[in-house]
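The residues making up each chain are set out below.
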Amino acid sequence: MSKQLEQEINRRRTFAIISHPDAGKTTLTEKFLLYGGAITLAGAVKGKKAKHAVSDWMEIEKQRGISVTSSVMQFQYENYCINILDTPGHQDFSEDTYRTLMAADSAVMVIDASKGVENQTRKLFKVCLLRDIPIFTFINKMDREARNPFDLLEEIEQELGIKTCPINWPIGSGKEFKGVYERQKKTILAFTANNGQKEVEAVEADINDPHLEELIGKEHRDTLVDDIELLDGAGDEFDLEQVRHGKLSPVFFGSALTNFGVEPFLEDFLKMTTPPLPRHSDQGEVDPFDPNFSAFVFKIQANMNKAHRDRIAFMRICSGKFEKGMEVQHIQGAKKMRLSQPQQMMAQDREVIDEAYAGDIIGVFDPGIFSIGDTVCAPSKKFAFEGIPTFAPEHFSLVRQVDTMKRKQFIKGTSQIAQEGAIQIFQELGGGMEEVIVGVVGTLQFDVLEYRLKNEYNVDIRMEGLPYQYIRWIENEDLDPKKLNLSSDTKRIQDLKGNHLLLFANEWSIRWAEEHNKELRLSEFGRS
Ligand code: G4P
């Protein structure tokens, strides 16, 4: 292996930022980019009213008003080359959001200090757990009234089932926010609110400094001393091995908006997280430092140009180096090919690139041959990466074409859109394709489906919401679903590969099914 290859891969850090909408993910991302010099003025990239951050790079989607993108940004900080994977929230929440996490080596979880663990964080966290990736917690908005920090940690531990280790500790919050105590350095980073001005200077002071009381007040000093004693005595100790296996989450308190605690967080985080990790394949683990190129497709972005059905396939490079024009092998298609128009995101811009390394994400032109989870590797190699699981949709509709003469286009359209991973389609057991059950993770995908079928396939559809909330794959291979004893509001369905599934109206029905069919094994994730 060449020294240069080793160095390039070693300095890569590829992580996703997860949070519930409004916790401050965009603001934090922006500050990271600011430190990396990738943008010059924080806030410049985000007019909140328009609600478009740097990561919303797809102009065409903005025009359409629908964004199905989860984007990637690369920037340099000190000697690190950082890839941030954005996980879209709000209405844009979709299966893509989950899949993006499959491409990351670690995750930063942003939590609003006044709200604690929220619904979307919970969902995203579950997906992180599938791969035991390291999770770093940034408790944001300390400049606003916050909940008790001990309660917040307890909530994370109880609700998410991960141990926590605070790296710093907040002193007050809201108007009384005085800064944080850095546990390892045993110093205080003081926060000075300066009316209206958004950036604040951090001042360092030793905990034993006699002037400390002047800086934070006697009451805060006393509370801090008590808190630290409690933490040192009863808290989980920092253990890098546990962090790297996703068992212990280092916790940082700060305020992204006022830029307080962001750079120390970034620095510690970069030191604690790992360079690209090995990935499982059907031929064993693939070492990122193996000079042979390999990658897998984790996202397909459809129809950038309506006139041509072209798509962009986003790949996470898992080993070696990618060079523009190189010959690669598409394993699932059993074809040799060259990846054309390779691009990478650099903050605001998309650039055609000449080379990329393990850990990087590239987007390549896809003439319609790739599927989510596909492997691309050096021609001399033959292995397939472990697939990306299919995530349980949460909303379901019965969809049929208005004009029965358009049956062929309807089947083609829904199948292609499903292949790109925007929706999942199911049928009644033994049913045909005249009507399909469409499942989505975020309801916006129903609009995307309707829009695209009309615009690209010239098919009008009728959609009828179904009252199901949960879907589960039946894991037992030889079980006849017709023989299951189920509550009357449970529906038996199959996917296009013939796997059997059940649709449930509520959690009670799931429990009912499990209690009345002892052998039944249900899974929230489908095999790919
Ligand atoms: P998101 O990407 O997770 O959805 O959150 P985003 O960064 O857009 O932040 C949501 C709101 O929270 C924004 O306010 C943002 O300015 C604010 N915010 C983020 N970090 C902090 C913080 O550390 N302290 C405080 N006080 N506020 C924070 P907004 O009013 O919705 O938008 P804007 O008009 O301020 O841009």
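Up top you'll find the structure we're talking about.
Thresholds, definitions, all that
- Residues numbered from 1 in each chain as written.
- Predicted model: local features only at pLDDT ≥ 70, side-chain atom pairs only at ≥ 80, totals over all residues.
- Heavy atoms only, no water.
- Helix = DSSP H or I, 4+ residues; strand = E, 2+ residues; numbered from the N terminus.
- Buried < 20%, exposed > 50% of the residue type's maximum accessible area, 1.4 Å probe, protein only.
- Contact = heavy atoms within 4.5 Å.
- Areas by Shrake-Rupley, 256 points an atom, 1.4 Å probe, with all protein chains shown as cover.
- Salt bridge = Lys/Arg side-chain N within 4 Å of Asp/Glu carboxyl O.
- Phe/Tyr/Trp six-rings, centres within 6.5 Å; stacked < 30°, edge-to-face > 60°.
- Pairing = 2+ DSSP bridges.
- Axes fitted to C-alpha atoms, helices over the stretch in contact; angles between N-to-C directions.
- Polar contact = N/O pair within 3.5 Å; in protein donor to acceptor, adjacent residues only side chain to side chain.
- Near = heavy atom within 4 Å.
- Nonpolar A, V, L, I, M, F, W, Y, C, P; charged D, E, K, R; others polar.
- Core = buried A, V, L, I, M, F, W, Y, C linked by side-chain atoms within 4.5 Å.

S.K.: I'd like to hear about the overall build of the protein, residue by residue, with values.
M.R.: For the protein, the helix and strand inventory stands at 13 helices and 33 strands. The buried share of the protein, taken over its 528 residues, is 55%. Of all intrachain contacts in the protein linking residues separated by at least 6 positions in sequence, the fraction that spans at least 24 positions is 71%. Counting only carbon and sulfur atoms, one obtains 46% of the accessible surface of the protein, whose full area is about 23200 Å².

S.K.: I'd like a description of the pattern of salt bridges, backed by residues and values.
M.R.: Any two side chains of opposite charge can pair, on the condition that their charged atoms come close. For the coordinates displayed, the defined rule picks out 27 salt bridges. In this structure, the salt-bridge partner of E8 is R11, at a minimum N-O distance of 3.2 Å. A residue is classified by how much of its surface remains accessible, and E8, at 18% relative accessible area, is buried. Measuring nitrogen to oxygen at the nearest pair gives 3.0 Å for the salt bridge that ties E155 to R147. Of the residues examined, E155 reaches a relative accessible area of 17% and is grouped as buried. Linked by salt bridges that have partners in common, E8, R11, R12 and D360 make up one network.

S.K.: Lay out the packing of aromatic side chains with the relevant residues and their values.
M.R.: Given two aromatic rings, one states the distance between the centres and the angle between the planes to describe the pair. In this structure the tally under the stated criterion is 18 aromatic pairs. Between the aromatic rings of F191 and F260, the centroid separation amounts to 5.3 Å while the plane-to-plane angle is 85°, which identifies the pairing as edge-to-face. With F191 in strand β9 (residues 187–191) and F260 in the loop between β11 (248–253) and α10 (262–272), the pair connects residues that are 69 residues apart, well separated along the chain. For the pair F191 and F260, one class covers both residues: buried. On the numbers, 4.7 Å between centres and 65° between planes, the contact of F252 with F265 is edge-to-face. Pair noted here: F252 is in strand β11 and F265 is in helix α10, with a separation of 13 residues, a long-range link. Since its relative accessible area comes to 3%, F252 is described here as buried. Classification of F265 as buried rests on a relative accessible area of 0%.

S.K.: Account for the sheet that holds strand β3 (residues 80–86), naming residues and giving values.
M.R.: Think of a sheet as strands paired side by side through backbone hydrogen bonds, with each pair either parallel or antiparallel. Spatially, β2-β3-β1-β4-β5-β11-β6 is the arrangement adopted by the seven strands of the open sheet, whose pairing is mixed. Whereas interior strands pair on both sides, the edge strands pair on one side only; in this sheet they are β2 (72–77) and β6 (163–166). On average, each strand axis in the sheet is inclined to that of its neighbour by 30°, with strand direction left out of account. Where strand β1 (residues 12–19) meets β3, six bridges bridge the pair, whose relative direction is parallel. Within β3, the position partnered with R12 by the bridge is C81.

S.K.: Outline the pairing of strand β22 (residues 361–366), supporting the account with residue identities and numerical values.
M.R.: β22 sits mainly inside the fold: five of its six residues count as buried. Bridge count for strand β15 (residues 311–319) against β22 is six bridges, and the pairing is antiparallel. Counterpart to M315 in the pairing with β22 is I362.

S.K.: Just give me the short version of the sheet that holds strand β32 (residues 522–523), but keep the residues and values in it.
M.R.: Pairing is antiparallel in the open sheet, where eight strands are placed in the order β28-β25-β27-β26-β30-β31-β29-β32. The open sheet has two free edges, formed respectively by β28 (461–466) and β32, since each of these has just one partner strand. As paired elements, strand β29 (residues 470–474) and β32 share two bridges and run antiparallel to each other. Within β32, the position partnered with W473 by the bridge is S523.

S.K.: Explain the environment of E355 residue by residue, including any values.
M.R.: Mapped onto the elements, E355 comes out in strand β21 (residues 355–357). Separated by 32 residues in sequence, E355 and E323 have C-alpha atoms that sit 4.5 Å apart. In terms of polar contacts, E355 uses its side chain to reach the side chain of K321, at 3.5 Å. A distance of 3.2 Å separates a polar atom in the side chain of E355 from a polar atom in the side chain of Y357.

S.K.: How would you summarise the site of the ligand if you had to cite specific residues and measurements?
M.R.: The environment of the ligand is made up of 20 residues, and the closest members are D22, K25, T26, T27 and D143. Between the ligand and D22, the relevant distance is 2.7 Å, taken from an oxygen atom to a main-chain nitrogen or oxygen of the residue. K25 has a polar backbone atom sitting 2.8 Å from an oxygen atom of the ligand. Protein contacts shield 81% of the accessible area of the ligand, which totals 710 Å² for the unbound molecule. At three residues, the largest contribution of residues to the shell around the ligand is made by helix α2 (residues 25–35). Tallied by class, the residues present in the shell around the ligand amount to four nonpolar, seven polar and nine charged.

S.K.: Tell me what's going on with the nonpolar core, and back it up with residues and numbers.
M.R.: Ranked by size, the top nonpolar core spans 82 residues in total, and within it I139, L224, M315, L339 and F370 carry the most contacts. The biggest single contributor to this core is β15, with six residues. Those residues in contact with L339, other than ones at most four positions away along the chain, are F293, M315, F322, M326, V328, V364, F370 and V376. Membership of the second largest hydrophobic core comes to 28 residues, among which are Y80, I82, V243 and F269.

S.K.: Describe in detail the pairing of strand β14 (residues 294–302), supporting the description with residues and values.
M.R.: Along β14, nine of the nine residues are buried, which leaves the element largely enclosed by surrounding structure. In terms of strand pairing, β14 meets β15 through eight bridges, oriented antiparallel. The partner of A295 across the bridge, within β15, is I317. Pairing between β14 and strand β23 (residues 375–377): three bridges, direction antiparallel. Directly across from S294, in β23, lies its bridge partner C377.

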